[in-house]
Amino acid sequence: MTETTQMPPPPPGDAGRQRSPEYRLARNSLQGLREDLFRDPFAYRPLPHRRTDGPFVRRLPGRMRTAAERLPHAVIAGIALFTLMIGALSGSEPGGDGRALLTGLLCALPVVTTLTRPVGAFWLSLVITPVTAALNGGGSDWPWMPGAFLCHLTVLVVVALRTRPRTAVWMWVVTAVYVVLSDGVIGGSYYYSNGAPMLVTSAFALLVVSLRHVRQAAQQEVSAQQTVTAQERSRRTLLEERTTIARELHDVVAHHMSVVAIQAEAAPYRVENPPPELERAFATIRENAVAALTELRRVLGVVRAEDYEAPDAPQPTLADLDALLANVREAGLDVRKTVTGAVRELPPGVELSAYRIVQEALSNSLRHAPGASAQVEVGYVLGGLGLRIVNGPPPAPALLKPSPGAGHGITGMRERVSMLNGRMTAAATDDGGYEVAVFLPVEAAAEDGA
């Protein structure tokens, strides 16, 4: 059984949209013709200078390289002069009267116009073709006199070089229409017509120019693709290196931190009746080791993969400074905190950066000045937040030796301050200690929003 389904006719309002592919093709073609040849044809488009970064031109001396920039202009000027001579010498009285000279000037005019108004030069060439033929009525060539023939062929090639292949096709089609009209309507009395030689010669010339355009476009596309491929390869190499570094860091640091946590947890059980202070110290060591492991895994996850999403854990703020100071006090650093100004909530980025700066500065005090005392000053001032972390010199009979560092802590602090458009100074004090002073600006609108 065959079932036939009849589609309802389109509504009247959509009749214009239901067009055949042939109609759409013809409409697009006419739009291309209007855009290429009829839309502002005499717009000023000067011929650009030749590039001097080619493999041959860049080896030339300075003056010759400057002259090479004007080489296309000189070539067109030379062709225009040659066209003037051909047009003047092929007139009814070659070079002998004003009409011959006028014919030569008319033939050279479109060639010169290609330097500034390429599409207008094409229409100008079509206009002067019957004019030169009328000025030299006794000539045997139709519809192009010898000078006009060379002029129109030159204009077609130059305009095609300066535009695109579609424009070259439309110029050839318009030229063909002109040949048909001139031969069928006007040129019946002429014995010889050079319309066919013009169409064949110009077709070959425009085909070569179009192939050149296609080749240049293909080279540009290949070059762009190679650039993208090189960037992708570099990005992949960087990602592989980051993955390798992350894996090595995890294997080395995480292993030792895990050992520290396990030993800190087991240490109180190895001592008979350990004092409470010792148990608290080992518990603090274990908590710090576990916290460091958690932070390490999060950071290495960011390093290992670009699409890694950090967990939505709350970030530390200035409200957590007391816990941080209690932690470093248990590690042996005598630290005091002073807060001035009206305490208020700041933007999250400022809060986090301030906390990390204080944390890094106190860590540096623990490493480089063991046994010294430190002072943390937090100042809520108009327009921002001030921080000052200063530690004194380590005691002379120090039980612990300072640990050397690579300076990455100070660099990290400076990067955080620079990111927030703040100011920072870090230098040794006169008594042998070290001071870090930071100001983080906060706009009034940001404070109101916080």
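Residues numbered from 1 in each chain as written. Predicted model: local features only at pLDDT ≥ 70, side-chain atom pairs only at ≥ 80, totals over all residues. Heavy atoms only, no water.

With that out of the way, let us pick up the overall build of the chain. The helix and strand tally for the chain stands at 13 helices and five strands. For the chain, the proportion of its 450 residues judged to be buried stands at 32%. Considering only intrachain contacts with a sequence separation of at least 6, the fraction spanning at least 24 residues in the chain is 70%. On the chain, roughly 27,900 Å² of surface is accessible, and the fraction owed to carbon and sulfur atoms is 60%. (Helix = DSSP H or I, 4+ residues; strand = E, 2+ residues; numbered from the N terminus. Buried < 20%, exposed > 50% of the residue type's maximum accessible area, 1.4 Å probe, protein only. Contact = heavy atoms within 4.5 Å. Areas by Shrake-Rupley, 256 points an atom, 1.4 Å probe, with all protein chains shown as cover.)

Moving on: the pattern of salt bridges. Overall, the coordinates contain nine salt bridges when judged by the stated rule. In this structure, Arg166 engages Asp36 in a salt bridge whose closest nitrogen and oxygen atoms are separated by 2.7 Å. With a gap of 130 residues between them, Arg166 in helix α7 (residues 165–186) and Asp36 in helix α1 (residues 21–38) connect regions that are remote in the sequence. Residue Asp36 is classed as buried on the basis of its relative accessible area, which comes to 8%. Put simply, Arg388 and Glu377 hold a salt bridge, and the shortest N to O gap is 3.0 Å. Of this pair, Arg388 sits in strand β3 (residues 384–391) while Glu377 sits in strand β2 (residues 373–381); the two residues are 11 residues apart in sequence, bridging distant segments of the chain. Judged by its relative accessible area of 29%, Glu377 falls in the partly exposed class. (Salt bridge = Lys/Arg side-chain N within 4 Å of Asp/Glu carboxyl O.)

Remark: the centre distance and the inter-plane angle together describe each pair of aromatic rings, the angle taken between the planes. If you walk through the whole model with that rule in mind, you get three aromatic pairs. Relative to Trp123, the ring of Phe122 lies with its centre 5.3 Å away and its plane at 65°, an arrangement referred to as edge-to-face. Using a relative accessible area of 0% as the deciding quantity, one classes Phe122 as buried. Their ring planes at 65° and their centres at 5.7 Å tell us that Trp144 and Tyr178 sit as a pair that is edge-to-face. In this pair, Trp144 sits in the loop between α5 (118–135) and α6 (146–162) while Tyr178 sits in helix α7, placing the two residues 34 residues apart along the sequence. Side by side, Trp144 and Tyr178 carry an identical accessibility label, which is buried. (Phe/Tyr/Trp six-rings, centres within 6.5 Å; stacked < 30°, edge-to-face > 60°.)

Relative to the elements of secondary structure, Ile79 occurs in helix α3 (residues 71–89). Separated by 75 residues in the primary sequence, Ile79 and Thr154 place their C-alpha atoms 8.1 Å from one another. Every residue in contact with Ile79, bar those within four places of it in the chain, is listed here: Val111 and Thr154.

The subject of this paragraph is the nonpolar core. Within the largest apolar cluster, 38 residues are counted, with the highest numbers of intra-cluster contacts made by Leu37, Phe122, Trp144, Val155 and Met171. At the level of secondary structure, the elements contributing two or more residues to this core comprise α1, α3, α4 (98–113), α5, α6, α7 and α8 (195–266). By residue number, the principal contributor to this core is α6, which donates nine residues. For Trp144, the contacting residues outside a window of four places in its chain are Thr129, Phe149, His152, Thr175, Tyr178, Val179, Asn194, Gly195 and Met198. (Core = buried A, V, L, I, M, F, W, Y, C linked by side-chain atoms within 4.5 Å.)

Sheet architecture is open: five strands sit in the order β1-β2-β3-β5-β4, paired in mixed fashion. Edge strands, defined here as strands with exactly one partner in the open sheet, are β1 (334–340) and β4 (423–428). Across this sheet, the average inter-strand angle for adjacent strands is 10°, counted without regard to direction. Judged from the eight bridges that link them, β2 and β3 form a sheet pairing that is antiparallel. Bridge pairing links Val381 to Gly384 in β3. Packing against the sheet, helix α11 (residues 348–368) makes contact with β1, β2, β3 and β5 (434–441), and its axis sits at approximately 5° to β3. (Pairing = 2+ DSSP bridges. Axes fitted to C-alpha atoms, helices over the stretch in contact; angles between N-to-C directions.)

This paragraph deals with the confidence of the model for the chain. Scored by pLDDT, the chain comes out at a mean of 81, with 79% of its residues at no less than 70. Within the model, pLDDT remains below 50 along residues 1–7, and this stretch shows zero contacts once partners closer than five positions in the same chain are excluded. (pLDDT = per-residue confidence, 0-100.)

Turning our eyes to something else, we now look at α4. Taking 1.5 Å of rise per residue, 16 residues should cover 22 Å, and α4 covers 22 Å from first to last C-alpha, within 8% of that figure. For α4, the elements touching its buried residues are α3, α5 and α6. (Expected span 1.5 Å × (residues − 1).)

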